Amino acid sequence: MRIDLHTHSSVSDGTDTPTQLVRKAAEAGVDVLGLTDHDTFDGLREARLAAESAGVLVLPGIEMSCQLDGASVHLLGYGCDPHFEALLDELARVRVGRSGRLPEMLAKLAGLGMPLTETEIAEQVGASPSLGRPHVADAMAAKGYVRDRQEAFDRYLYEGGPAYANRYSCDLRRGVELIRRAGGVPVIAHPWGRGRDRELTPAMLSELTMEYRLEGVEVDHPDHDADTRQRLRALASRLGLLTLGSSDHHGLGKTNNPLACETTDPDVYDELVRRVRARGGRL
Ligand code: AMP
Ligand code: FE
Ligand code: FE
Ligand code: ZN
């Protein structure tokens, strides 16, 4: 069994449509694919439809933009009811924040000598309801300001970078609660990647687990080195958290994350599914 539970389609900042993503997963020998677009469930229908003929099982998921003391934390939710209103309201608020910060980013880019119009951004966003920095990066690359997404992030768009603008995201504790109330299983994505260990300390992960019933952490992720994985696995074992492994595939948007480069243990997946069923979530 090859199980990859964290991937993105063009419904957020991936470059494959949900159909293309499912077909590629089948070609890569993936049996279970988690589609976890940023802050939207919109890709799930198409992915499901494509999965029927491709022989892949799609686990419905989401990657919710959250924050802890102002630092960005990504929260995965598996098996949420995609019609649960309180969660949908919160996701809508996050998406408004995503679009709302664009003028500030465009002003900063113009100030840096890289003018871009909203139309040029819209061309990259396409039909995605979830505008993200990767779309801005793609527009910069299309204009020849940078080579690719990575250079745009490394020089301008990183958190606190010269063209960065903050945006609204959901309080992490509330995000965990919302996902559980929607019948889903909350799992923190890449908790110790890109310096996140400063905010997500062992004490904080313990509090989130004991008091808010966080249920898992992503351990095997391209942003975690071997030492990080070992420390995180030990902590997860102490706290009784599920440990997941996934590619965080973004199509051509992140060339270091091919499908199934990291995978989740079948026993962990079975337990995840069992919990979603037990609390009436949607599979
Ligand atoms: P946003 O959703 O606008 O906050 O942008 C965050 C997204 O940009 C993440 O989901 C990744 O896909 C991508 N990203 C964030 N940081 C980097 C980075 N340093 N290099 C490349 N991509 C990144
Ligand atoms: Fe992303
Ligand atoms: Fe993420
Ligand atoms: Zn992701």
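Structure: above.
Here is a short report on the structure shown in this document. (Residues numbered from 1 in each chain as written. Chains lettered and ligands numbered in written order. Predicted model: local features only at pLDDT ≥ 70, side-chain atom pairs only at ≥ 80, totals over all residues. Heavy atoms only, no water.)

## As for the layout of surface pockets
Moving on, step 1. There is about 1200 Å³ of room inside the largest pocket.
Moving on, step 2. Residue assignment for the lining of the largest pocket shows that the elements contributing at least two residues are strand S3 (57-68), strand S4 (71-78), helix H6 (133-142) and helix H7 (149-157).
Moving on, step 3. Looking at the lining of the largest pocket, its residues break down into nine nonpolar, 19 polar and 18 charged.
Moving on, step 4. Of the volumes computed, that of the second largest pocket is approximately 330 Å³.
Moving on, step 5. In terms of lining, the second largest pocket is formed by 15 residues, of which the most central are Phe41, Asp42, Leu44, Pro82 and His83.
Moving on, step 6. Within the residue set of the lining of the second largest pocket, elements represented by two or more residues are helix H2 (44-54), S3 and helix H3 (85-100).
Moving on, step 7. The class makeup of the residues in the lining of the second largest pocket is seven nonpolar, three polar and five charged. (1 Å grid on protein atoms, 1.4 Å probe; cavity = no way out; pocket = protein on both sides within 12 Å on 5 of 7 lines; lining within 4 Å. Points joined across faces, edges and corners; volume = space filled by probe spheres on them. Helix = DSSP H or I, 4+ residues; strand = E, 2+ residues; numbered from the N terminus. Nonpolar A, V, L, I, M, F, W, Y, C, P; charged D, E, K, R; others polar.)

## Quick notes on the coordination of the zinc ion (ligand 4)
Moving on, step 1. Protein-derived coordination of the zinc ion (ligand 4) comes from His6 (NE2), His8 (NE2), Glu63 (OE) and Asp248 (OD), at a distance range of 2.0 to 2.3 Å.
Moving on, step 2. Relative to the metal, the four donor atoms surrounding the zinc ion (ligand 4) lie at angles of 78 to 166 degrees, and the coordination shape comes out irregular.
Moving on, step 3. Separating the zinc ion (ligand 4) and the iron ion (ligand 2) is a distance of 4.6 Å. One end of the pair, His6, is in strand S1 (residues 3-7); the other, Glu63, is in strand S3, with 57 residues separating them in the sequence. The same class applies to His6 as to Glu63, namely buried. (Donors = N, O, S within 2.8 Å, 3.2 Å for Na, K, Ca; no water. Tetrahedral: all angles 85-135°; square planar, octahedral: opposite > 155°, others 65-115°. Buried < 20%, exposed > 50% of the residue type's maximum accessible area, 1.4 Å probe, protein only.)

## Some thoughts on the site of ligand 1
Moving on, step 1. In the vicinity of ligand 1 there are 14 residues, among which His38, Arg98, Arg101, Arg133 and His250 approach most closely.
Moving on, step 2. A distance of 2.8 Å separates an oxygen atom of ligand 1 from a polar atom in the side chain of His38.
Moving on, step 3. Interatomic distance of 2.7 Å between a backbone N/O atom of Arg133 and an oxygen atom of ligand 1.
Moving on, step 4. Here ligand 1 loses 90% of its free accessible area of 490 Å² to cover by the protein chains.
Moving on, step 5. Counting atoms within 2 Å of the grid points, the majority share of ligand 1 lands in the largest pocket. (Near = heavy atom within 4 Å. Polar contact = N/O pair within 3.5 Å; in protein donor to acceptor, adjacent residues only side chain to side chain. Areas by Shrake-Rupley, 256 points an atom, 1.4 Å probe, with all protein chains shown as cover. Sits in = over half its atoms within 2 Å of the grid points.)

## Some thoughts on H2
Moving on, step 1. Inspection of H2 places Leu44, Ala47, Ala50 and Ala51 among the buried residues, and these make up the whole buried set. Angular distribution of buried residues about the axis of H2 spans 130 degrees; they occupy a single face of the element. Across H2 from its buried face, at more than 90 degrees, point the exposed residues Arg45, Leu49, Glu52 and Ser53.
Moving on, step 2. Summarising the contacts, the buried residues of H2 are in contact with helix H1 (18-27), strand S2 (32-35) and S3.
Moving on, step 3. Immediately beyond the C-terminal end of H2, within one or two residues, lies Gly55, with a positive phi of roughly 75 degrees. (Arc of directions from axis to C-beta. Contact = heavy atoms within 4.5 Å.)

## Here's the deal with the packing of helix H9 (residues 202-212) against helix H10 (residues 226-239)
A pair of packed helices is captured by two measures, namely the crossing angle of their axes and the spacing between those axes.
Moving on, step 1. Running from amino to carboxyl end, H9 crosses H10 at an angle of 35 degrees, the nearest separation of the two axes being 11 Å. Of the two possible hands of crossing, H9 and H10 adopt the one that is right-handed. Only Leu232, Leu235 and Leu239 of H10 make contact with H9, whose side of the interface consists of Pro202, Leu205, Ser206, Thr209 and Met210.
Moving on, step 2. Residue composition of the contact of H9 with H10, grouped by class: six nonpolar, two polar and no charged. (Axes fitted to C-alpha atoms, helices over the stretch in contact; angles between N-to-C directions. Left-handed = near helix turned anticlockwise from the far one by under 90°.)

## Looking at the coordination of the iron ion (ligand 2)
Moving on, step 1. Looking at the metal site, the iron ion (ligand 2) is ligated by Asp13 (OD), Asp13 (OD), His38 (NE2) and His250 (NE2), spaced 2.1 to 2.8 Å from it.
Moving on, step 2. Around the iron ion (ligand 2), the six donor atoms are arranged such that angles at the metal cover 50 to 155 degrees; this shape is classified as irregular.
Moving on, step 3. We note that the donor set of the iron ion (ligand 2) lies within a single chain, spaced as D-x24-H-x211-H.
Moving on, step 4. In this structure, the iron ion (ligand 2) is positioned 5.4 Å from the iron ion (ligand 3). Taken as a pair, His38 in the loop between S2 and H2 and His250 in the loop between strand S8 (242-245) and helix H11 (266-278) lie far apart in primary sequence, 212 residues in all. We note that His38, like His250, is buried.

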